[in-house]
Amino acid sequence: MNDFEGMALAVAQGRLALWRSAPNPPVGCVLVRDGAVIATGHTAEVGGPHAEASALAQLLARGGHARGATAYVTLEPCSHHGRTPPCADALVREGVRRVVVALPDPNPLVAGRGFERLRAAGIGVDCLPSDHPHARAARETMIGFLSRMVRGRPWARMKIAGSLDGRTALDNGESQWITGPAARADGHAWRARASAVLTGVGTVLDDDPRMDVREVDTPRQPWRVVLDSTWRTPPGARLLQSPGAVWVYGVPAKEAEAAARRAALEDAGATVIDAMPGPDGRPDPGWVWQDLAARGVNELHLEAGARLNASLIQAGVVDEFLLYLAPKLIGPGRALADLPPLAHLADAPTLRFIDVQTVGDDLRIVARPPGRDLF
């Protein structure tokens, strides 16, 4: 097995951790000796073993050993004590001969120290160039973690489902269902990989969504986030009934009525957060994104209405669009986003298609602002 094949397997292992590892990065590890795979591993749920430790534990449990092996790892092995011991020390202790890494770790607690630890022990270390296909694939898997470490904000992905003529609902609000069951399940898979799912109070009041993952199996549920300037989320809302954290961001209540609503939400189990107001008096999305990163959110999944969609797009905080288009033409209805009219076509924001494919009978498009992922 050569380096290309070994790292391909490590990248595949890392993808297995996408739905379980946050706030840790979804890392994959493959141990190879004499051209044969002797163990594989990926990051477990928070508090559990990292990829390298998982692969080594699997090997040792079978009575094997890693002496003389090459480890293919999608992220620089950690060198610090967190919830678990340093992976670099484990690789040294078990006698690994060489480590091939897809990406350096930008976490300030690591940032090259893992490489230093390995080299100081006489272990050969190779890091793939940034344009290597496996480095790019590993980066896509870990884009939320990398965004949080480098930019101090999560990777924000806006999901929208609509008709081919760009409508998310009929004029009377009916929207179930424009897209088919395969697209809906696929959307839940993307929701499941996120650390948190965010919507606005308008959607809560209109649709009373649960905002959990139901269409696919998942080892954990993402946190739920509501932007709610004046604390209008009902204490009996369905999103507050499911287990797990709910964070409601509003602005400091100036009126007694708003303060009472805020207190009722807190009594209902929500974590209420006074956000810094933006120019429009609503929670500033840039501030909210920073606060979510501080709480460990890597990928932020946005599912909101046309007004909030437009507001977030105009604020420049949407990193990626996940768009499902059904082969239907429904005429007048609700838009994907209530963006203001432009005077010139040259003023239109330009996106870059990352992926386009059919899901069931529908079309799935992933697009990003050019250069948004260069960090």
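Just above, that's the structure.
Just so we're clear, the structure is a prediction, and the values are computed from it rather than from any experiment. (Residues numbered from 1 in each chain as written. Predicted model: local features only at pLDDT ≥ 70, side-chain atom pairs only at ≥ 80, totals over all residues. Heavy atoms only, no water.)

A.B. asks: Go over the overall build of the protein chain with me, naming the residues and quoting the values.
C.D. replies: Scanning the protein chain from N- to C-terminus turns up 11 helices and 16 strands. Overall, the C-alpha framework of the protein chain stretches about 65 × 45 × 40 Å when taken along its three principal axes. Going through the 375 residues of the protein chain one by one, you find that 50% of them count as buried. Sequence separation of at least 24 residues holds for 71% of the intrachain contacts in the protein chain that already meet a minimum separation of 6. Approximately 17,000 Å² of the protein chain is accessible, and the part contributed by carbon and sulfur atoms is 53%. Distance from the positive charge centre (41 side chains) to the negative charge centre (42 side chains) of the protein chain: 3 Å. (Helix = DSSP H or I, 4+ residues; strand = E, 2+ residues; numbered from the N terminus. Buried < 20%, exposed > 50% of the residue type's maximum accessible area, 1.4 Å probe, protein only. Contact = heavy atoms within 4.5 Å. Areas by Shrake-Rupley, 256 points an atom, 1.4 Å probe, with all protein chains shown as cover. Lys, Arg positive; Asp, Glu negative; His and termini not counted. Charge placed at Lys NZ, Arg CZ, Asp CG, Glu CD.)

A.B. asks: An account of the pairing of strand β8 (residues 196-200) is requested, with residue identities and associated values reported.
C.D. replies: Here β8 lies mainly inside the structure; 5 of its 5 residues are buried. Residues A196, L198 and G200 line one face of β8 and the alternating positions V197 and T199 line the opposite face, and both faces are buried. When β8 meets strand β9 (residues 223-227), the two strands line up parallel, connected through 5 bridges. Across the sheet, residue L198 finds its bridge partner in β9, namely V225. Where the polypeptide runs from β8 across helix α8 (residues 201-207) and back to β9, its parallel neighbour, the crossover connection is right-handed. Bridging between β8 and strand β12 (residues 299-302) involves 3 bridges; their strand directions are parallel. If you follow V197 over to β12, its bridge partner there is H301. (Pairing = 2+ DSSP bridges. Right-handed = clockwise from strand over helix to strand, strands pointing away.)

A.B. asks: Just give me the short version of the sheet that holds strand β1 (residues 28-33), but keep the residues and values in it.
C.D. replies: The strand order β2-β1-β3-β4-β5 describes an open sheet built from 5 strands, whose pairing is mixed. The sheet is open, and its two borders are formed by β2 (36-42) and β5 (124-127), each paired with just one other strand. Shown here is a sheet whose adjacent strand axes are inclined to one another by a mean of 15°, direction ignored. In the sheet, β1 pairs with β2 via 6 bridges, with the strands oriented antiparallel. (Axes fitted to C-alpha atoms, helices over the stretch in contact; angles between N-to-C directions.)

A.B. asks: Can you break down a nonpolar patch on the surface residue by residue, with the values?
C.D. replies: On the surface, a cluster of nonpolar side chains totalling about 220 Å² of accessible area is made up of M1, L9 and V37. Residue position: L9 is located in helix α1 (residues 3-16). (Patch = residues over 30% accessible without salt bridge, like charges linked within 9 Å, V, L, I, M, F, W, Y side chains within 5 Å. Salt bridge = Lys/Arg side-chain N within 4 Å of Asp/Glu carboxyl O.)

A.B. asks: Outline the sheet that holds β9, supporting the account with residue identities and numerical values.
C.D. replies: Paired through their backbone hydrogen bonds, the strands of a sheet run either parallel or antiparallel. With respect to topology, 9 strands assemble into an open sheet ordered β11-β10-β9-β8-β12-β6-β13-β16-β15, the strand pairing being mixed. Looking at the sheet topology across the chains shown, the edges are occupied by β11 (271-274) and β15 (352-359). Neighbour to neighbour, the strand axes of the sheet diverge by 20° on average, direction disregarded. With 7 bridges connecting them, strand β6 (residues 155-163) and strand β13 (residues 320-326) associate as parallel partners.

A.B. asks: Just give me the short version of the nonpolar core, but keep the residues and values in it.
C.D. replies: Within the largest apolar cluster, 40 residues are counted, with the highest numbers of intra-cluster contacts made by M7, L31, V99 and L103. What V99 contacts, discounting residues up to four positions off in sequence, is A71, V73, P77, L91, L118, I123, G124, V125 and D126. W289, L292, L302 and L312 belong to the second-largest nonpolar core, a separate cluster that totals 26 residues. (Core = buried A, V, L, I, M, F, W, Y, C linked by side-chain atoms within 4.5 Å.)

A.B. asks: Pulling in residues and values, what's your account of the pattern of salt bridges?
C.D. replies: This model, assessed by the stated rule, comprises 25 salt bridges. Across the salt bridge formed by R261 and E257, the nearest N and O atoms sit 3.3 Å from each other. Of the two residues, R261 and E257 are both situated in helix α9 (residues 256-267); the distance of 4 residues between them amounts to about one turn of the helix. By relative accessible area, which is 27% here, R261 ends up partly exposed.

A.B. asks: Explain the environment of G202 to me, using residue names and the numbers behind them.
C.D. replies: With respect to the secondary-structure elements, G202 resides in helix α8. Residues G202 and A337, spaced 135 residues apart in sequence, show a C-alpha to C-alpha distance of 14 Å.

A.B. asks: Which residues make up a positive patch on the surface, and what values go with them?
C.D. replies: Residues R232, R282, R307 and R334 make up a contiguous surface patch of positive charge. As for its placement among the helices and strands, R282 is situated in the loop between β11 and α10 (285-294).

A.B. asks: I'd like to hear about α10, residue by residue, with values.
C.D. replies: The set of residues buried in α10 consists of P285, V288, W289, D291, L292 and A293. Looking at the residues trailing α10, positive phi occurs at G296, about 95°.

A.B. asks: So what's going on with the side chain of E94? Which residues, and what values?
C.D. replies: Structurally, E94 can be placed in the loop between α3 (87-93) and β4 (98-101). Take E94: its relative accessible area is 18%, and that puts it in the buried class. Leaving out residues up to four positions away in the same chain, E94 has contacts with L56, L60, A66 and R67.

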